[in-house]
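Structural overview for review
Chain by chain, the residues run as shown.
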Amino acid sequence: VVNCVGDYVFVAKMRWGVRGAALATSMASLLANGMLVRKVWKMVGGWKDAYREKTPNKEEEEVQETQHTKQLSAETNQMENEETDPTSIPFISFPDRKSLTSLLLLAGPMFFVMLGKIMGYSAMTMRAGNFGMVSLACHNVLMRIFFFFATVGDALSQSAQTFLPGLFYRKKLQ
């Protein structure tokens, strides 16, 4: 809705052309992302509140337990709360060095593959833009069609890589 209204205002009324359309799209994207972050923020807050309500009150526990059980329970609860208490987890956090290293070792190669693809697609888009607006629009339509079918093709490719060796091996045994 924001994009359509923005297009009408910036392109039709203010006559900003492509810049107006880009501004309307950017505004719509910012609004959608802001709404998403707000929703996630509320959900996390709700989860924390629900956890606090489910967690029994420490005073009630102490009345019901014996002295020895109290000591063991207090030590266990303190250890568990330090490790798993979701109310102590911040909304945004950064990993420590060990976790970041582990993540980079796992996802690093794929990150560089994706970065290469993005650079290649961006270079193609910039080159298509050099040929004019119509060429850029055609390139945009073809890229959207490509990405639509690439998703299905990628899934088929992965399935084939997973199951075909087993089928060939079974044929070889028969």
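Treat the numbers as computed from the prediction; the structure is a model and nothing was measured.

**So, the overall build of the protein**
A tally of helices and strands in the protein yields 6 helices and 0 strands. For the protein, the α and β elements follow one another from N to C terminus as α-α-α-α-α-α. For the protein, the residues scored as buried account for 7% of the 174 residues in total. Carbon and sulfur atoms make up 67% of the accessible area of the protein, which amounts to about 15,200 Å² in all.

**Quick notes on the packing of aromatic side chains**
Taken as a whole, this structure holds 6 aromatic pairs when the rule is applied. Taken together, a centroid distance of 5.0 Å and an interplanar angle of 90° make the contact between Y121 and F147 edge-to-face. You can see Y121 sitting in helix α5 (residues 97-129) and its partner F147 sitting in helix α6 (residues 133-173), a full 26 residues away along the chain. Grouping aromatic residues by their ring pairs yields a cluster made of Y121, F146 and F147.

**Side note on the layout of surface pockets**
Its volume calculated, the largest pocket comes out at about 200 Å³. For the lining of the largest pocket, the element with the highest residue contribution is α6, accounting for 5 residues.

**Concerning the packing of helix α1 (residues 2-13) against helix α2 (residues 18-54)**
Between α1 and α2, the least distance of the axes is 8 Å, while the angle of their chain directions is 155°. Considering their axes alone, α1 and α2 lie roughly antiparallel with respect to each other. As α1 runs across α2, the sense of the crossing is right-handed. Along its contact with α1, which presents V2, N3, G6, D7, F10 and V11, the element α2 presents G20, A21, L23, A24, T25, M27, A28 and L31. When the residues that make up the contact of α1 with α2 are grouped by side-chain class, the tally is 9 nonpolar, 4 polar and 1 charged.

**So, a nonpolar patch on the surface**
Together, V1, V2, V5, Y8, V9, M14, W16, L23, M27, L31 and M35 give the surface a local cluster of nonpolar side chains, amounting to about 1,000 Å² of exposed area. Of all elements in the fold, only α1 and α2 reach the threshold of two or more residues within the nonpolar patch. You can see M14 is positioned in the loop between α1 and α2. Among the residues examined, M14 registers a relative accessible area of 39% and is labelled partly exposed.

**Focus on the side chain of H139**
In this fold, H139 is placed in helix α6. In this view, H139 contacts M124, T125 and A128; residues no more than four positions away in its chain are not counted.

**A word on α6**
Taking 1.5 Å per residue as the helical rise, α6 with its 41 residues ought to reach 60 Å, and the 58 Å between its terminal C-alpha atoms agrees with that figure. Maximal helix bending in α6 amounts to about 35°, located at F163; proline P165 follows within four positions.

**Concerning unusual backbone geometry**
Although it is not a glycine, R15 adopts a positive phi angle of roughly 60°. Relative to the helices and strands, R15 resides in the loop between α1 and α2. R15 sits in the exposed class, given a relative accessible area of 70%.

**Some details on the confidence of the model for the protein**
This prediction gives the protein a mean pLDDT of 81; 82% of its residues lie at or above 70. Put simply, helix α4 (residues 67-84) is where the protein has its lowest mean pLDDT, 52, and α1 is where it has its highest, 92.

**Description of α2**
Helix length check: α2 (37 residues) gives 54 Å between terminal C-alpha atoms against 54 Å at 1.5 Å per residue, within 8%. When α2 is considered as a whole, its buried residues turn out to be G20, A24, A28 and K48. Packing partners of the buried residues in α2 comprise α1.

Thresholds, definitions, all that
Residues numbered from 1 in each chain as written. Predicted model: local features only at pLDDT ≥ 70, side-chain atom pairs only at ≥ 80, totals over all residues. Heavy atoms only, no water. Helix = DSSP H or I, 4+ residues; strand = E, 2+ residues; numbered from the N terminus. Buried < 20%, exposed > 50% of the residue type's maximum accessible area, 1.4 Å probe, protein only. Areas by Shrake-Rupley, 256 points an atom, 1.4 Å probe, with all protein chains shown as cover. Phe/Tyr/Trp six-rings, centres within 6.5 Å; stacked < 30°, edge-to-face > 60°. 1 Å grid on protein atoms, 1.4 Å probe; cavity = no way out; pocket = protein on both sides within 12 Å on 5 of 7 lines; lining within 4 Å. Points joined across faces, edges and corners; volume = space filled by probe spheres on them. Axes fitted to C-alpha atoms, helices over the stretch in contact; angles between N-to-C directions. Parallel < 35°, antiparallel > 145°, perpendicular 65-115°, else oblique. Left-handed = near helix turned anticlockwise from the far one by under 90°. Contact = heavy atoms within 4.5 Å. Nonpolar A, V, L, I, M, F, W, Y, C, P; charged D, E, K, R; others polar. Patch = residues over 30% accessible without salt bridge, like charges linked within 9 Å, V, L, I, M, F, W, Y side chains within 5 Å. Salt bridge = Lys/Arg side-chain N within 4 Å of Asp/Glu carboxyl O. Expected span 1.5 Å × (residues − 1). Bend = angle between axes of the 7 residues up to and from the residue. pLDDT = per-residue confidence, 0-100.

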